[in-house]
Amino acid sequence: MSASQTPPATAVLGDDVPTLLVKIFGKDRPGITAGLFDTLAAYSVDVVDIEQVVTRGRIVLCALVTAPSPAEGSSGSTEGDLRATVHSWADSLDLQAEIISGRGDNRPRGTGRSHVTVLGHPLTAESTAAITAAITSCGGNIDRIFRLAKYPVTAVEFAVSGPATEALRTVLAPEAAVLGVDVAVVSAGLQRRAQRLVVMDVDSTLIQDEVIELFAAHAGCEAEVAEVTAQAMRGELDFEQSLHARVALLGGLDASVVETVRKEVRLTPGARTLVRTLKRLGYQVGVVSGGFTQVTDALQDELGLDFASANTLEIKDGKFTGRVTGDIVDRAGKARLLRRFAEQAGVPLAQTVAIGDGANDLDMLNTAGLGVAFNAKPVVREAAHTAVNVPFLDTVLYLLGITREEVEAADTHVG
């Protein structure tokens, strides 16, 4: 039978079928799971469900199995024998056992399926209580909880059923802002693991700096550039106007300063880990920037990026002319480039991730399947799908369901 075919009716456990929930607690050691099922095997039961978690060396193992039938011609209770045998086995290993009778399988999960990732630095009991209460308040049920990472932040993922993803996000976003934690809500399903293109902004995202300011420092016009930037922030100039005004101040600067500025650029903590892990896991990675190719080209070579696009400072006779050449990479241009990169990568837009911090990133963030506001301004945090407010860029990996263990395993990959 293929995976797409409907199983026969006999393969579906009816609600009237007697079942037993066998729960084992105690100090973890090798062989517990095998020992439990070896014990159960003597009663010819079918396994309906299994859950196991180990926390600080303590195991909780749950097995839902069909109740055994009495042997033909026997008036004895095979279920009673099974209970006695399991308790005896558990006692021999200094474990606790609990067996609960019932009927049928687990109750069906709600129709809405979401992954809620909570990032805390640290993650407090107070914030966890508030987030889980908010999930409950909108009709959500927490089906599973899994720790994704313990450093550089604590990252915990909740599998939630019930409400639609957008409705759940609407409830949790303001709660997270009040608590000072980062909460990402994404739809469950194969699409989450299929996201294969990540595109990010450069200034104050991939790197800690604003490249125009680095150039301005060498041109002696930092104050003037800062004033133009402030005008843009006040809405007195749009991005293209502010770009031309700031670049004009660089006119006459010797182009040899490019090498110096490249050396001054500081990658954001976790940037190398983010790109390296994504690449090793098969993702394609690109950058779009309102900055300059004189820097992004070097970053592309250094990090092995698949795509890079930015504005280009015009150089003549070894000096900056104070102009840019080619199409301007602005707010609309970033979204346009995301679409182009996705097409070139053969990746649907729904399977793309965009990361940025400024208002000129908003179109790109809203175009991507998942838009992440990274240490962003309030207006960007409110408009993006999710926000990360810790200073580690590699925490974005946890929003994709990638665990710290997978990050470290990717680092050991050779080739």
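Relevant structure appears above.
Below is a summary of the structure that appears in this document. Just so it is clear, the model here is predicted, and its values are computed rather than measured. (Residues numbered from 1 in each chain as written. Predicted model: local features only at pLDDT ≥ 70, side-chain atom pairs only at ≥ 80, totals over all residues. Heavy atoms only, no water.)

Glycine aside, the phi torsion of most residues is negative, and most peptide linkages are trans. For the bond from His121 to Pro122, the omega torsion is 5°, close enough to zero to count as cis. Within the fold, Pro122 resides in the loop between strand E5 (112–120) and helix H3 (125–137). For the bond from Tyr151 to Pro152, the omega torsion is 0°, close enough to zero to count as cis. Among the structural elements, Pro152 can be located in the loop between strand E6 (141–149) and strand E7 (154–162). Not every positive phi belongs to a glycine, and Asp94 is a case in point at roughly 60°. (Helix = DSSP H or I, 4+ residues; strand = E, 2+ residues; numbered from the N terminus.)

Counting 60 residues, the largest nonpolar core has Leu206, Phe215 and Ile355 as its most contacted members. The element best represented in this core is helix H6 (residues 211–219), accounting for five residues. Once residues within four sequence positions are removed from consideration, Ile355 is found in contact with Val198, Val199, Met200, Asp201, Thr205, Leu274, Met364, Leu365, Val372, Phe374, Leu393 and Val396. (Core = buried A, V, L, I, M, F, W, Y, C linked by side-chain atoms within 4.5 Å. Buried < 20%, exposed > 50% of the residue type's maximum accessible area, 1.4 Å probe, protein only. Contact = heavy atoms within 4.5 Å.)

The subject of this paragraph is helix H2 (residues 78–92). If you check H2, its first and last C-alpha atoms are 21 Å apart, about what 15 residues at 1.5 Å a residue would give, namely 21 Å. All buried positions along H2 are accounted for by Thr78, Leu82, Val86, Trp89 and Ala90. Buried residues along H2 cover an arc of 105° about the axis, so they all sit on one side. Seen from the buried face of H2, the exposed residues on the opposite side, beyond 90 degrees, are Asp91 and Ser92. Downstream of H2 by a residue or two, Asp94 has a phi angle that is positive, lying close to 60°. (Expected span 1.5 Å × (residues − 1). Arc of directions from axis to C-beta.)

Looking now at the pattern of salt bridges. Per the counting criterion, the structure on display carries 15 salt bridges. Note that Lys334 is salt-bridged to Asp361, the shortest N-O span being 2.6 Å. Note that Lys334 is positioned in helix H12 (residues 331–345) and Asp361 in the loop between strand E13 (352–356) and helix H13 (362–367), a separation of 27 residues in sequence. The structure contains a network of salt bridges with shared partners spanning Asp201, Lys334 and Asp361. (Salt bridge = Lys/Arg side-chain N within 4 Å of Asp/Glu carboxyl O.)

Let's shift gears to the pairing of strand E11 (residues 307–316). Pairing between strand E10 (residues 284–292) and E11: four bridges, direction parallel. Bridge pairing links Val287 to Ala308 in E11. Between the parallel elements E10 and E11, the chain passes through helix H11 (residues 293–303) in a crossover that is right-handed. Pairing analysis gives four bridges linking E11 to strand E12 (residues 319–325), with the strands arranged antiparallel. Opposite Thr312, over in E12, you have Thr325 as the bridge partner. The hairpin turn running from E11 into E12, its antiparallel successor, is two residues long, and Asp317 in that turn takes a positive phi close to 55°. (Pairing = 2+ DSSP bridges. Right-handed = clockwise from strand over helix to strand, strands pointing away.)

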